[in-house]
Amino acid sequence: MAKEGLKAREVKRAKLVAKYAAKRAELKAAGDYVALDKLPKNASPVRLHNRCKLTGRPKGYMRQFGISRVTFREMALDGKIPGVKKASW
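Residues numbered from 1 in each chain as written. Predicted model: local features only at pLDDT ≥ 70, side-chain atom pairs only at ≥ 80, totals over all residues. Heavy atoms only, no water.

Under an unreviewed UniProt entry, the name given to the protein chain is Small ribosomal subunit protein uS14, and the organism recorded is Sphingobacterium athyrii. Checking UniProt for the protein chain, the heading Function (unreviewed entry) contains the comment "Binds 16S rRNA, required for the assembly of 30S particles and may also be responsible for determining the conformation of the 16S rRNA at the A site." Checking UniProt for the protein chain, the heading Sequence similarities (unreviewed entry) contains the comment "Belongs to the universal ribosomal protein uS14 family." (UniProt positions renumbered as here; feature names shortened; annotations may be inferred.)

Below, the structure written as structure tokens:
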């Protein structure tokens, strides 16, 4: 399980990206790279990283569900995700 600070940092970055999105697009369209460089580094969407909503795990993230593969498997086996069942053949 990830530390709460790591999860909070990602949320903070996401808010910063949303805040500066319009300004960043405007500067990029104008070609003003000097002003673009003066924006906060965490305002860049490249610095965002998907994390599991429940555990904060950064790897094995399933975009469709917003959780990691480990959490997905546990929840699917417990029947907590509707419409998902274990395959057997």
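So that's the structure; there's more coming.
When you line up the elements, Arg 51 lands in the loop between α2 (33-37) and β1 (61-62). At a separation of 2.6 Å, a polar atom in the side chain of Arg 51 contacts the main-chain carbonyl oxygen of Gly 56. Here Arg 51 is in contact with Ala 2, Leu 6, Glu 10, Gly 56, Arg 57, Pro 58, Tyr 61 and Gly 66, once residues within four sequence places are set aside. (Helix = DSSP H or I, 4+ residues; strand = E, 2+ residues; numbered from the N terminus. Polar contact = N/O pair within 3.5 Å; in protein donor to acceptor, adjacent residues only side chain to side chain. Contact = heavy atoms within 4.5 Å.)

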